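These are the residues of each chain, in order.
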Amino acid sequence: MSRWVVRVAAAICAAGYVFVYASGRAGPPIRSDGFSYYVYLPSWFIYHDSSLAAVAEDCCGGQFPDFTAIIRWPGTRQWVNAHPIGVAIMQAPLFLVAHALTRWSNLSADGFTFYYQHAAGIAGLAWVIAGLWVLRRVLLRHFPDRIVAATLAAVLLGTNLLHYATYDSSYSHPYSFFLFAAFMDLTERWHENPTWRTSVLLGLVGGLIILVRHTNALFLVFFPLYGVANATSMSVTAARLRRHRQLVAAAVATAAIIVAPQLALYYQATGRPLVSSYGELGFNFLAPQLWGVLFSVQKGVFFWSPILLLAVAGLILTRGAARNFLLPAVTFLTVNTYLIASWFDWQFGGSFGHRGFVDALPVFAIGLASLFSRAASSVAARATVTTICTALIALSLFQMLQYWNGVLPFSDTTWPQYRAAFLRLK
Amino acid sequence: MSRLRLGAIAFAVLGLFAALAYLRDPPWLLSMTSGLREERHDPADRTFRTMAGHASFFVPTDAASVEIPLRGVFESEKDWPITVTIAIDDRLADRLTLTDASWRVSTLRLPPPSRRRVRRIDIRADRTRADQRAVEVGEWKSIRP
């Protein structure tokens, strides 16, 4: 059953993607943050230039647009991109197909014509489907197939994941969604049966997680904290890590090799291997906007995806081997929420719902599956949870269509705006 | 491998080749543009579209020439001139220096018809002004022999 849910999810995402672009609801996929994540590909493969200067000359008359967060580094005057290279690496296979098709059809091979645009858009969609597939594998180890099917459907339709698989698929979130699911899968497999292959794959996925979004390095706590619940289990995990230290070293070395090109790019542009191209903008750890990030009408994650409240309740109720994920999940969600709330732009600019939490949806999925599993044991609880989830999914889908239609603002939504737009499609 | 699976693979390969053959020279290329913003009108009701550093569009291969009206974006009299290069199927065809905000027309003679239905015209500007604006491109005209 869950296998079919993933297939139907792929069909829904594809239909949504075609609808968004055929109806003109969204501009070309390579836009806003999607531009900065993608721009490495034409720079590397078409202009054979790692400095981004040649692509800036061709696309933009020598200056990248202000919205891109690509700045000239003071002193060196080289371009530094706030968005790292991970998304571009994961888009590369479809980019190369698009490049070949562009040459074949005699379109302008500048990296921004028709095929390139939709290669970038479809790549995000494909990684969301791949993420659902891997997440299914993780969930099936702990829950019955019908629970997994319901969880996958709820995660896709009850949150902003569908939006980031279609309308804004060139952003980093579809990629992180896949990578987080894959890291959870590999972490669990490694702790059950540590092998060289799993270790190298863990390093590969861990490295990509850092390359897609540097602050997501925090997610790597899943590996050492998996299975830790008390002092005893902590010493068992620590002993396991010590016993297999060569495999751990292999994972770390692989991750370091994956991350190295990014450090080299920073060094080339600035003379330093670690930089923040946001300048004076950054974190304000003394004044985190926790209420805003969690519950506000502006971008509160639980306001716009209330089904995730059930997921949090479910995490606490988690039983059995799935409980091995509890401590890393709580640690990651807590620190990550604090990080997001401390960012100078805690709304993360324009987005449907709070996009900072899309990456963590595989973690929330464990909680949702636990709740569904508990509810399945009683007819009344099952009916209640089914009714609530159906209503929340309907609300989320409707609000997504409102956002696509321009009825809901990109950011800074106020309560009067929300009330005026409620259940209105135009 | 079952017959059904073999048939499905053969069908997929055939479909791929058919799609590639179609995409070699699709008719919809003539209406495709890139790097040009939405249409606007100047006070003289001339239609134009603004470009940043690079724009492209297609003209019929059997046209003898094409006329492209161009106007640089200038915010002050002290702005540097904008140099525009125009290429036909990646071969340089014209170079203009726009020193003021008046319309100039670039007339390009097209090579004899090729095997494709269309020829690609690329326009590149050497600088942009605020909001990624460089050149305004008027309605281009293909002139048949």
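All values derive from a computational prediction rather than experimental measurement. (Residues numbered from 1 in each chain as written. Chains lettered and ligands numbered in written order. Predicted model: local features only at pLDDT ≥ 70, side-chain atom pairs only at ≥ 80, totals over all residues. Heavy atoms only, no water.)

Caption draft 1: Molecular detail of the overall build of chain A. When helices and strands are counted, chain A shows 20 helices and two strands. Computed over C-alpha atoms, the radius of gyration of chain A comes to 22 Å, within 12% of the 22 Å expected from 2.2 N^0.38 for 426 residues, which places it in the range of a compact globule. Each principal axis of the C-alpha atoms in chain A carries an extent, and together these give about 65 × 60 × 50 Å. For chain A, the residues scored as buried account for 56% of the 426 residues in total. The long-range share in chain A, meaning contacts at least 24 apart out of those at least 6 apart in sequence, stands at 74%. When the accessible surface of chain A is split by element, carbon and sulfur atoms take 67% of a total near 17,100 Å². (Helix = DSSP H or I, 4+ residues; strand = E, 2+ residues; numbered from the N terminus. Rg over C-alpha atoms; globule rule 2.2 N^0.38 Å. Buried < 20%, exposed > 50% of the residue type's maximum accessible area, 1.4 Å probe, protein only. Contact = heavy atoms within 4.5 Å. Areas by Shrake-Rupley, 256 points an atom, 1.4 Å probe, with all protein chains shown as cover.)

Caption draft 2: Quick look at the packing of helix 5 (residues 86–105) of chain A against helix 10 (residues 196–212) of chain A. Residues and elements named next belong to chain A. With their axes 6 Å apart at the nearest point, helix 5 and helix 10 run at an angle of 115° to one another. Residue-level contacts link Gly 86, Val 87, Ile 89 and Met 90 of helix 5 to Leu 208, Leu 211 and Val 212 of helix 10. A per-class count over the contact of helix 5 with helix 10 returns six nonpolar, one polar and no charged. (Axes fitted to C-alpha atoms, helices over the stretch in contact; angles between N-to-C directions. Nonpolar A, V, L, I, M, F, W, Y, C, P; charged D, E, K, R; others polar.)

Caption draft 3: Highlighting the packing of helix 7 (residues 145–158) of chain A against helix 19 (residues 379–404) of chain A. Residues and elements named next belong to chain A. Where helix 7 meets helix 19, the axes come as close as 8 Å, and the angle between the chain directions of the two elements is 35°. Counted together, Ala 154, Leu 157 and Gly 158 of helix 7 and Ile 393, Ser 396 and Leu 397 of helix 19 form the full contact between these two elements. Taken together, the residues that form the contact of helix 7 with helix 19 break down as four nonpolar, two polar and no charged.

Caption draft 4: Just a nonpolar patch on the surface, in detail. There is a patch of nonpolar side chains on the surface, built from Met 1, Leu 6, Ile 9, Val 13 and Phe 17 of chain B and spanning about 540 Å² of accessible area. Among the structural elements, Val 13 of chain B can be located in helix 1 (residues 3–24). (Patch = residues over 30% accessible without salt bridge, like charges linked within 9 Å, V, L, I, M, F, W, Y side chains within 5 Å. Salt bridge = Lys/Arg side-chain N within 4 Å of Asp/Glu carboxyl O.)

Coordinates in, geometry out; function isn't part of it.
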